[in-house]
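# Descriptive analysis of the structure
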Amino acid sequence: MKKFRCSYLLSLTALLSAGCLELSGCGQVNADSSNIESLSPDLEASQAETLLPETASPVHSEPAPTPEPTPTPEPEVIELTISAAGDVSLGILQIHGYAGTFREMYDQQGPAYFFQNVKDIFEKDDMTIVNFEGVLTESTDLVEKQYNIKGDPAYIEILPLGSVEAVSFGNNHRMDYGRQGSDDTVALFEENGISYAYDDNIGIYETKGLRIGFVSVNEVYDGEAVENWLEDGIRKLQEDEVNLIIACCHWGIEREDYPEDYQKELGKKCIDWGADLVLGCHPHVLQGIEVYNGKFIVYSMGNFCFGGNRNPKDKETMIFRQTFTFIDGVKQEDQQVKVIPCLISSVMSRNDYCPTLAEGNNFTSILERINTLSEPFGTKFDDEGCYVSQP
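Read on for a plain summary of the structure. What you see is a predicted model, and the numbers here were worked out from it, not measured in a lab.

So, about the layout of surface pockets. Gaps between atoms show up when a probe of the same size as a water molecule is rolled over them. Here the largest pocket is characterised by a volume of approximately 540 Å³. Classifying every residue of the lining of the largest pocket gives 8 nonpolar, 8 polar and 8 charged. What the second largest pocket holds in volume is close to 160 Å³. Taken together, 13 residues line the second largest pocket, and the ones lying closest to its centre are Asn-171, Asn-172, Met-175, Asn-218 and Tyr-221.

Here you go:
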């Protein structure tokens, strides 16, 4: 019995010693495949359950949304319509009496009368420009010359009432009553919001977010010296980044139907310097229209609302109208031009100083005259007065 106990104790001691040796490997358990396989399936399941929370769910990645394309902004298209007419003299000559004069008509009819028959045309444009010939002043200090034109300062309201926004003032009647007469008239322009230009004074009129610049000179008195004013004025307007430039030239020979050579030369120079349109006055009759490098030179627009003559023989005139297109502020090279035949008076027996749209035979006759005068330049207008583009 003692012998059996002794052998049993020896065997147990040996087993314990072997187990202790297996647990003493540098503080690491030898986790080989035989040890992993000895774990029961139930234990593996319970351990896996402790690693994943009960609320965990599979993660599915959503596809990124397709970005919306940025819309292309629509271009900003602006049409700018200019109406131009000839000599406007709001007053009388120093040799006139009272009967049949502009002064008498003003006293009888009031300021809104004079442009009433063309106001609808002027109101529908973006800028109306006329040649303002004469002065509005109370000065009696007239310059010695054959014809001096003067009106009362109150006459200034005729322009805004007739929807006239701008005037060319570089002409041979600006100084009829000396410096005082000119200064008084300029002050009235400024007080009434009328844009003006003369000599080295440039004019700017703004509408629809676009700026129209213009220059005005009197070649009749100043000859070729006006070239400096024209070129410098156009350059200043370019530097000021206006959108449109008009050159107004008082030039030519009175009552001549066709421009003289220097008119044609100077008109082309204006365009070469940067003008988009050239408007001419002084001959008191209509002259032709030329297209040069895609731009228009109107050599003479004749009289319009002209207080300087109580009954001129030639009562035919016109309104020159051009529409310019701008896309994102850039002027396009289109040619939307129309001439509108008119008469300087609503009656033919005398001058009642009320320019009127021509109708019937008068319309046809004036349009034919414009086409005849423009024929040497290859310029033509259709039966409605619209410019016919040449190939």
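Having put the structure on the table, let's press on.
On inspection of all chains with the given rule, the structure shows 2 cavities of 30 Å³ or more. Lining the largest cavity are 15 residues, and of these Asn-131, Ser-168, Cys-248, Leu-279 and Cys-281 sit closest to its centre. Elements represented by at least two residues in the lining of the largest cavity include exactly β3 (127-132), β9 (210-218), β10 (244-250) and β11 (277-281). A class-by-class count of the residues in the lining of the largest cavity yields 9 nonpolar, 6 polar and no charged. Roughly 50 Å³ of internal volume is contained in the second largest cavity. Taken together, Asp-276, Gly-294, Lys-295, Phe-296, Gln-322, Phe-324, Lys-331, Gln-332, Glu-333 and Asp-334 make up the full set of residues lining the second largest cavity. Going through the elements one at a time, β13 (295-298) and β15 (316-327) are the ones with two or more residues in the lining of the second largest cavity. Here the lining of the second largest cavity is composed, by residue class, of 2 nonpolar, 3 polar and 5 charged.

Rules used in this analysis
- By convention here, each chain's residues receive numbers from 1 onward along its written sequence.
- It should be noted that, the model being predicted, local features are given only for residues of pLDDT at least 70 and side-chain atom pairs only at 80 or more, the latter also being counted only at that level, while totals for whole chains, interfaces and linings use all residues.
- Calculated side-chain values reflect all of the structure's heavy atoms, with hydrogen atoms and water omitted.
- Residues are said to line a cavity or pocket when one of their atoms sits within 4 Å of a point; the points come from a 1 Å grid over protein atoms alone, cavities being sets where a 1.4 Å probe fits but cannot get out and pockets being open sets with protein on both sides within 12 Å along at least five of seven lines.
- Grid points are joined across faces, edges and corners, and a volume is the space filled by probe spheres set on the points.
- In the scheme used here, Gly and all other residues not listed as nonpolar or charged are polar, with Ala, Val, Leu, Ile, Met, Phe, Trp, Tyr, Cys and Pro taken as nonpolar and Asp, Glu, Lys and Arg as charged.
- Strands are runs of DSSP state E lasting at least two residues, helices are runs of H or I lasting at least four, and both sets are numbered from the N terminus onward.

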